[in-house]
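Structure assessment
Single-letter residue listing:
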Amino acid sequence: MTMILEDAVKKATDVTQKVCEWHSPEELTELLDLELRDGGESEARILERCSDAIRYSVKTTHPHFFNQLFAGMEPYSLVASFITETLKPSLYTYEVSPVFTLMENAVVRKMIEIVGWEEGGDGLFNAGGSMSNMYAMNLARYRHFPEIKELGNSAVPQLVVFISQESHYSISKAAALMGIGTKNVFVVPSDKRGKMIPSALEEQIKSAKSEGGVPFMVNATAGTTVLGAFDPIEEIADICEKYKLWLHVDACWGGAVLMSKKHKHLMKGIHRADSVAWNPHKMLMVCLQCSVFLVRDKTRLLQRCHSARASYLFQQDKFYDLSYDTGNKSVQCSRKPDAFKFWLMWKALGTRELEQRVDTALAMARYLAEEIKKREGFHLLMEPEYANVCFWYIPPSLRNFPDSPEFQEKLHNVAPVVKERMMKKGSMMVGYQPHGGKVNFFRMVVISPQVSREDMDFVLDEIHSLGKDL
């Protein structure tokens, strides 16, 4: 425990330490001695193994880790993780996990209230946002065609789902997994800021119907992965009501704005969604994983869609209220009590502090964007709407270069080299990607309240230091 606290908690969050100690896969394989043998090792050797695992891992809790849609150290959530790993509970029946069943119910009810479903709803925590999006597609299909549960895809027509070009790839994965087919996932164009165009959605729906397809679900995104864009939920909801389609909102990244009076307008109309995916392990910093799927339904749709009536778990003559047995809602059997990590943190901080965290992160993103506009050699891709700040770094050798295919090719090569250098130095981690026909650019994701303006300045200084000779 001392090693964990010193190396994985204190040092990992110390800005003076490295974000990572980079080694190639071949080098790291040798350093870790991964082979499993017939005989066990001494306790001293096992402690070394633990130390090595911490040492060579990326410190995602470090103040200069901006690479993913999660970051930072959350102590209350961490304590909850220790407790659940120690107790080893599983959420399927109240008798096995009474405390965590009630906690999950409490958190789900509160999140439903925040979404704005005045008549209530249902939901559960699960193994990630991709799983939540799959739940949405499965429920939407079942609501339209309940016979599919017993008869399979041969009993239903060609089903069609609609997504924006900026939506998460998990929707297409779900379509493939469920036998709907990726070619029946219609991609709706987005505008220049990455938002789904409602008029284009309606045209796609009409087109699918004319070709014999049966539309059943629209997936809107609240906080796209790269640009941090929010689809216009209100207008999309109008179209879904008109054509009687299930509206799912993938708010895995952007759902946290609902905690903020200042920023919740970004998800205007969310109360009209049929289902919502929301990952508190992202902007709200709960320890991984913490993902919830919420559904605006009071008819036990989750149970009817997913129940397999396992008599050894869900006996009908139990001595307590069977509605507290949640296993029939889930496609999993064993399920971790991830809601506890959020519940304990929420109890400790309160809703006002969670709101402040969101507001602080977005204010810090705005500060970074303004600093980028002031600095020579830095160019914003667009004004940020959320915590995603996308920009190019143009080294001195290219600053007087006319815009041309040759310039774009040279600029495309800058970010990968800077990324390699920062990783090998261990100074920070910032993501990059090409996107929508644009050459490689950096994507900064600002989350942790531990991050300061000085850290934002450091990122820009460090990118220039690492790339000025290119």
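Our structure is the block above this text.
Residues numbered from 1 in each chain as written. Predicted model: local features only at pLDDT ≥ 70, side-chain atom pairs only at ≥ 80, totals over all residues. Heavy atoms only, no water.

This part is about the sheet that holds strand 9 (residues 378–380). The strand order across the open sheet built from five strands is 1-11-12-10-9, with neighbouring strands paired in mixed fashion. Among the strands making up the open sheet, the edge pair consists of strand 1 (65–66) and strand 9. As paired strands, strand 9 and strand 10 (residues 388–393) are joined by three bridges and run antiparallel to one another. From the neighbouring strand, Leu380 faces strand 10, where its bridge partner is Phe391. Sitting on the sheet, helix 15 (residues 453–467) touches strand 1, strand 9, strand 10, strand 11 (429–435) and strand 12 (438–445), and the angle it makes with strand 10 is about 25°. (Pairing = 2+ DSSP bridges. Helix = DSSP H or I, 4+ residues; strand = E, 2+ residues; numbered from the N terminus. Contact = heavy atoms within 4.5 Å. Axes fitted to C-alpha atoms, helices over the stretch in contact; angles between N-to-C directions.)

Moving on, we come to the packing of aromatic side chains. Enumeration over the complete set of coordinates arrives at 16 aromatic pairs. An aromatic cluster of at least three residues, connected via ring pairs, comprises Tyr94, Phe319, Tyr320 and Tyr324. (Phe/Tyr/Trp six-rings, centres within 6.5 Å; stacked < 30°, edge-to-face > 60°.)

Using the criterion set out here, one finds 32 salt bridges in the structure. In this structure, Glu35 engages Arg37 in a salt bridge whose closest nitrogen and oxygen atoms are separated by 3.9 Å. With relative accessibility at 56%, the residue Glu35 sits in the exposed group. When its relative accessible area of 45% is taken as the criterion, Arg37 is described as partly exposed. With its nearest N and O atoms 2.8 Å apart, the salt bridge here joins Lys195 to Glu385. Linking Lys195 in the loop between strand 4 (185–188) and helix 9 (198–210) with Glu385 in the loop between strand 9 and strand 10, this pair joins segments that are 190 residues apart in sequence. For Lys195, a relative accessible area of 17% puts it in the buried group. A cluster of three or more residues bridged by salt bridges with shared partners is formed by Asp33, Glu35, Arg37, Glu41 and Arg49. (Salt bridge = Lys/Arg side-chain N within 4 Å of Asp/Glu carboxyl O. Buried < 20%, exposed > 50% of the residue type's maximum accessible area, 1.4 Å probe, protein only.)

This part is about helix 14 (residues 414–425). In this model helix 14 runs 17 Å from its N-terminal to its C-terminal C-alpha over twelve residues, within 8% of the 16 Å that 1.5 Å per residue would give. The set of residues buried in helix 14 consists of Val414, Ala415, Val418, Lys419, Met422 and Met423. For helix 14, the angular spread of buried residues about the axis comes to 155°, placing them on one side. Looking at the buried side of helix 14, the elements it contacts are strand 10, helix 13 (405–412), strand 11, strand 12 and helix 15. Gly426 lies just past helix 14 and shows a positive phi near 80°. (Expected span 1.5 Å × (residues − 1). Arc of directions from axis to C-beta.)

Below, the discussion takes up the side chain of Ser448. Within the secondary structure layout, Ser448 lies in the loop between strand 12 and helix 15. Within the structure, Ser448 has its side chain in polar contact with the backbone nitrogen of Gln450 (distance 3.0 Å). The contacts of Ser448, once residues within four sequence positions are left out, are Gly72 and Met285. (Polar contact = N/O pair within 3.5 Å; in protein donor to acceptor, adjacent residues only side chain to side chain.)

What follows concerns the nonpolar core. Formed by 105 residues in total, the largest nonpolar core has its most connected members in Leu247, Met283, Phe342, Phe391 and Met444. Among the elements that take part in this core, helix 12 (residues 339–374) stands out by supplying 14 residues, more than any other. Residues contacting Leu247, with those up to four places away along its chain left out, are Val218, Ala220, Ile233, Ile236, Ala237, Cys240, Arg272, Ala273, Asp274 and Ser275. Of all hydrophobic cores here, the second largest spans 28 residues; its members include Leu124, Ile148, Ile163 and Leu302. (Core = buried A, V, L, I, M, F, W, Y, C linked by side-chain atoms within 4.5 Å.)

The volume enclosed by the largest pocket comes to roughly 690 Å³. Forming the walls of the largest pocket are 37 residues, and the residues nearest its centre are Thr60, Leu78, Ser81, Cys287 and Leu288. Those elements that place two or more of their residues in the lining of the largest pocket are helix 1 (2–10), helix 3 (43–55) and helix 4 (75–87). The element contributing the most residues to the lining of the largest pocket is helix 4, with five residues. By residue class, the composition of the lining of the largest pocket is 18 nonpolar, eleven polar and eight charged. (1 Å grid on protein atoms, 1.4 Å probe; cavity = no way out; pocket = protein on both sides within 12 Å on 5 of 7 lines; lining within 4 Å. Points joined across faces, edges and corners; volume = space filled by probe spheres on them. Nonpolar A, V, L, I, M, F, W, Y, C, P; charged D, E, K, R; others polar.)

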